[in-house]
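Listed below, chain by chain, are the residues.
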Amino acid sequence: MIITLAHQKGGVGKSTLATNLAATLGADILDLDLQRSCQLWNRSRKGAGLPELTCHATNTAAEAKSIMGNYKGSNGLLIVDCGGFDSETNRVALALSNIILTPVSPSQIELYGLQNFMKILKEASQQLGREIVTNVVINNADSRSKAAIEEVQAFIQSANYLELMETVIHWRTDFKKAYAFGQSVIELNAKGKAAAEITSLAAEIKSTF
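Worth saying up front: this structure is predicted, and the values here are computed from it rather than measured.

Right, let's talk about the nonpolar core for a bit. If you look at the biggest cluster of nonpolar residues, it comprises 33 residues, and the most contacted ones within it are Val80 and Leu162. At the level of elements, helix 3 (61-69), strand 4 (78-81), helix 4 (88-96), strand 5 (99-104), helix 5 (108-128), strand 6 (134-141), helix 6 (146-158) and strand 7 (162-170) are the ones that each hand at least two residues to this core. When residues no more than four places from it in sequence are discounted, the contact partners of Val80 are Ile2, Ile3, Thr4, Leu5, Leu30, Leu32, Met68 and Ala93. Residues Ala18, Ala22, Ala27 and Ala178 belong to the second largest nonpolar core, which totals 28 residues.

Phi at Arg36 takes a positive value of approximately 55 degrees, unusual for a residue other than glycine. Of note, Arg36 is situated in the loop between strand 2 (28-31) and helix 2 (37-44). With relative accessibility at 17%, the residue Arg36 sits in the buried group. A positive phi is found at Asn140, a non-glycine position, where the angle reads about 55 degrees. Topologically, Asn140 is positioned in strand 6.

What follows concerns the environment of Ala148. Tracing the backbone shows Ala148 in helix 6. With a relative accessible area of 24%, Ala148 lands in the partly exposed category. With 43 residues separating them in the primary sequence, Ala148 and Ser105 have C-alpha atoms 9.3 Å apart.

Here we take up the pairing of strand 5. Of all six residues in strand 5, six are buried; the element is thus mostly enclosed. Alternating positions in strand 5 separate into two faces, Ile99, Leu101 and Pro103 on one and Ile100, Thr102 and Val104 on the other, with burial throughout. Bridging between strand 1 (residues 2-5) and strand 5 involves three bridges; their strand directions are parallel. In the strand pairing of strand 5, Ile3 is matched with Ile99. Once you follow strand 5 into helix 5 and on to strand 6, the crossover reads as right-handed.

About the cut-offs
- Residues numbered from 1 in each chain as written.
- Predicted model: local features only at pLDDT ≥ 70, side-chain atom pairs only at ≥ 80, totals over all residues.
- Heavy atoms only, no water.
- Core = buried A, V, L, I, M, F, W, Y, C linked by side-chain atoms within 4.5 Å.
- Buried < 20%, exposed > 50% of the residue type's maximum accessible area, 1.4 Å probe, protein only.
- Helix = DSSP H or I, 4+ residues; strand = E, 2+ residues; numbered from the N terminus.
- Contact = heavy atoms within 4.5 Å.
- Pairing = 2+ DSSP bridges.
- Right-handed = clockwise from strand over helix to strand, strands pointing away.

Laid out in structure tokens, this is it:
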């Protein structure tokens, strides 16, 4: 089973969700981001007294295809963290994934970015001869901006190539703290609101397996 965090826009929270979901679901990681955020997080786990996860990394489409092929149709679980750009390697990840997740913050500029990603999904769908759909996660949301959240949700529900995840991830300091120590938010503070949201998102993803 392959779960890919993908968006051609950087800074939307792909790596944060990838690391938290990998730790929560007990998954391996494939880091396709040039910044290697997942690898850096994984190396920090040793200092926190936590076991490192299996974390692959590559910049080439051929190697990404080979690594992902080992998880396709198997009992293994792989979380893929794509970089914030369009590339052949990231398109390979889209093609081979069982589930695609796209984090989006509730703002107008994020909607523009999402519309650009929809063009990539359309092109990839035409090339493969099948529709590629991503599951959009409202991420880094401000709990005081209910109207903005609802506006983005309404757009997602009306658009092609997009499905809306029910779980909303809000901006919380636990996410930054956990990353700094190589932890998931659940490992950092199991009773916190961030942990509850990641638990909810993981359960929602597992329900699709």
